[in-house]
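Results of the structural survey
What follows is each chain in one-letter form.
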Amino acid sequence: MKELSDKISAHESVREMYEKIKKDGLTNIWDRWEDQEKVRCKTFCAKGLSCQLCSNGPCRIIPGKLERGVCGMDGDGMPIRYMLLRNAMGLSTYTYHARETAKTLIATGEGKTPFHIADPAKLRNFSKKVGLDTNKPVNELAIDLGHFVLNEINRDPHTPLKTVEVFSTPGRIETWKKLGILPGGPANEQIDAVSHCLTNVDGDFISLSKTALRLALSCIYGSLIPLEYCQDVLFGTPKPHRMNFDLGILDPGYVNIVVDGHEPFVGMALIKHCKKPEIQAEARNIGAKGIRIIGSIETGQEILQRTEIDHVFVGMTGNWITIEPLIATSAVDLFAMDMNCSQPALEEYLSQYPTTFVSVSPLVNIRGVDKHIDYDPEKVQEQVIQLTSMAMENFKNRIGKEPHVPKKVQLGIVGFSIESILETLGGSLDPILEAIKNGRIKGVVGLVSCTSLGNGPHDTSTISIAKELIKRDILVLSMGCGNAAVQIGGLCTVEARELAGPGLKSVCEALSIPPVLSFGTCSDTGRLS
């Protein structure tokens, strides 16, 4: 297993399932990565010194020989323009999520969803900060806040976001004004940013860099902060609690629905629906022990930060590189895919394993998956009834087929938000600041990562970096797909303080906290900002 550890994953369960997938004769992400590595263009493409944007290309930059493309773009402009385009794709996805959150908040305020306002105090606090009339009833205020978020998303780029004024500092705002990167709404900043990337429009790498910074700020203040705060309003602000992780949380005796992607809406509605005694009874009537909801990647993170383990929601399996091993367990009845991170390779898994795949977002389309139940906040109650019925039908067909589920289950502590951290510290940051002043803690780091094989075997880099940081008495806040790495890697437990330096260990013991605090998803980077 040591040899596989060096090549495949930091997690024993994933290494085990890799062997299973190989035995089953299917494609997998590790072998595909190795195949691509043999033909990868490292001299030009990997360095950003190539361009395929127009019909005069593709062009390459060879330092000292070919310094410009046909249009004249040089080796400074090419890579930053490509980075800006990738920046724009990320902003689009997060803004899509923010828009869906605002629409869900509005529909909930109108009484058209199965959800309710779980944190009215946060609703009033956020609404007051952005200038809304907080004397209104909770549901009316929720509607107003939803419309405010939609308006912020579409704000003119020449009119700075209200949320920047509220959540940033005067010094930062003044600096951003001087640099010309104080942003407007993400939808319109997106239009401007992509327009910068057209051939023969912007060839100045400084201008392109500043545009990328402006786009990032618009994403943080126009999309990420509003979507997380509004999700807190809808589903509750995260508080510390225990959670189970890894593939071992799957029990083939249950009807298992896995919710995958970035948005919590379908998953939260499924949990609420499946807690009904009659739904559990229906599952038992077809020979199952019951019906369960399991989280995968960021959808799982969004849910687990706000939801405790019970007889329905049992935890999270891992990040996106864990998806193929998850399906290969043959224990998943329905895989519901929302707006992000469902690999095209799942096409080859459709006929091999007994899982029903359903896209619950118009963005997610995989060849061979013909079932679409696209999330609509006003129809989600009907939609989860459909999804539950499909999962039970799949369970009937799965009976008799041999599952293969790794045994390991990893416990972790999750649910650290700004509010819950302050509560843990007694209402102020003074204990942490004092620990930094006296040298027991050397600093606090936000560790954000989207897991990749390009940096080594699955999750090894994230775990190694986190271990090195805590060994050096640096407290870690983990976010993104890398959060699953440290959760499954056992670093989000109070026992992990034994891996910390003496200063951080003493703080963890005094506060009864892990040395790595699970702070949420990649969209929680806005909350951290």
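Residues numbered from 1 in each chain as written. Predicted model: local features only at pLDDT ≥ 70, side-chain atom pairs only at ≥ 80, totals over all residues. Heavy atoms only, no water.

1. A look at the overall build of the chain
Check the secondary structure of the chain and you find 21 helices and twelve strands. Compactness check: the chain gives a C-alpha radius of gyration of 24 Å against a globular reference of 24 Å for 529 residues, within 12% of the reference. When the backbone C-alpha atoms are referred to their principal axes, the chain occupies close to 65 × 60 × 50 Å. Buried positions account for 55% of the 529 residues belonging to the chain. Contacts in the chain between residues at least 24 apart in sequence constitute 73% of all its contacts with a sequence separation of at least 6. Here the chain has roughly 22,300 Å² of accessible surface; of this, 52% comes from carbon and sulfur atoms. On the chain, the mean spot of the 57 positive side-chain charges and the mean spot of the 62 negative ones are 3 Å from each other. (Helix = DSSP H or I, 4+ residues; strand = E, 2+ residues; numbered from the N terminus. Rg over C-alpha atoms; globule rule 2.2 N^0.38 Å. Buried < 20%, exposed > 50% of the residue type's maximum accessible area, 1.4 Å probe, protein only. Contact = heavy atoms within 4.5 Å. Areas by Shrake-Rupley, 256 points an atom, 1.4 Å probe, with all protein chains shown as cover. Lys, Arg positive; Asp, Glu negative; His and termini not counted. Charge placed at Lys NZ, Arg CZ, Asp CG, Glu CD.)

2. Overview of the pairing of strand 12 (residues 516-520)
For strand 12, the buried fraction is high: five of the five residues fall into the buried class. Taken together, the four bridges between strand 11 (residues 474-479) and strand 12 define a ladder with parallel strand orientation. Looking at strand 12, one finds that L477 is bridged to L517. (Pairing = 2+ DSSP bridges.)

3. Thoughts on the sheet that holds strand 12
The strand order 10-11-12 describes an open sheet built from three strands, whose pairing is parallel. A single partner strand is all that each edge strand has here, and the edge strands are strand 10 (443-448) and strand 12. On average, adjacent strands in this sheet sit at an angle of 25° to one another, irrespective of strand direction. Contacts between helix 18 (residues 460-471) and the sheet are confined to strand 10, strand 11 and strand 12, with strand 11 contributing the most and set at about 150° to the helix. (Axes fitted to C-alpha atoms, helices over the stretch in contact; angles between N-to-C directions.)

4. Considerations on the packing of helix 5 (residues 120-129) against helix 6 (residues 138-153)
Interhelical geometry of helix 5 versus helix 6 gives an angle of 50° and a closest axis separation of 10 Å. By the angle class used here, helix 5 and helix 6 are oblique. When you trace helix 5 past helix 6, the crossing you get is left-handed. Contacts between helix 5 and helix 6 involve P120, L123, R124, F126 and S127 from the former and V138, L141, A142 and L145 from the latter. (Parallel < 35°, antiparallel > 145°, perpendicular 65-115°, else oblique. Left-handed = near helix turned anticlockwise from the far one by under 90°.)

5. Some thoughts on the packing of helix 4 (residues 77-109) against helix 10 (residues 205-235)
Helix 10 packs onto helix 4 with a crossing angle of 20° between their chain directions and a minimal axis gap of 8 Å. It follows from the interaxial angle that helix 4 and helix 10 lie roughly parallel. For helix 4 against helix 10, the interelement crossing comes out left-handed. Per-class residue counts for the contact of helix 4 with helix 10 are 19 nonpolar, twelve polar and one charged. (Nonpolar A, V, L, I, M, F, W, Y, C, P; charged D, E, K, R; others polar.)

6. Observations regarding the packing of aromatic side chains
Following the criterion strictly, the structure yields ten aromatic pairs and no others. For the pair F167 and Y229, a centre-to-centre distance of 5.4 Å together with 75° between the ring planes defines the contact as edge-to-face. Of this pair, F167 sits in helix 7 (residues 162-167) while Y229 is found in helix 10, placing the two residues 62 residues apart along the sequence. Taking the centre distance of 5.8 Å and the plane angle of 70° together, the rings of F335 and F357 count as edge-to-face. With F335 in strand 7 (residues 334-337) and F357 in strand 8 (residues 356-359), the pair connects residues that are 22 residues apart, well separated along the chain. Accessibility classification places F335 together with F357 in one group, the buried group. Here the aromatic residues F115, F235, F265 and Y375 are joined through ring pairs into a cluster of three or more. Residue placement shows R40 over the ring face of W33; its charged tip is 5.2 Å from the ring centre. Between the NZ or CZ atom of K122 and the centre of the ring of Y229, over which it lies, the distance is 4.4 Å. (Phe/Tyr/Trp six-rings, centres within 6.5 Å; stacked < 30°, edge-to-face > 60°. Lys NZ or Arg CZ within 6 Å of the ring centre and 35° of its normal.)

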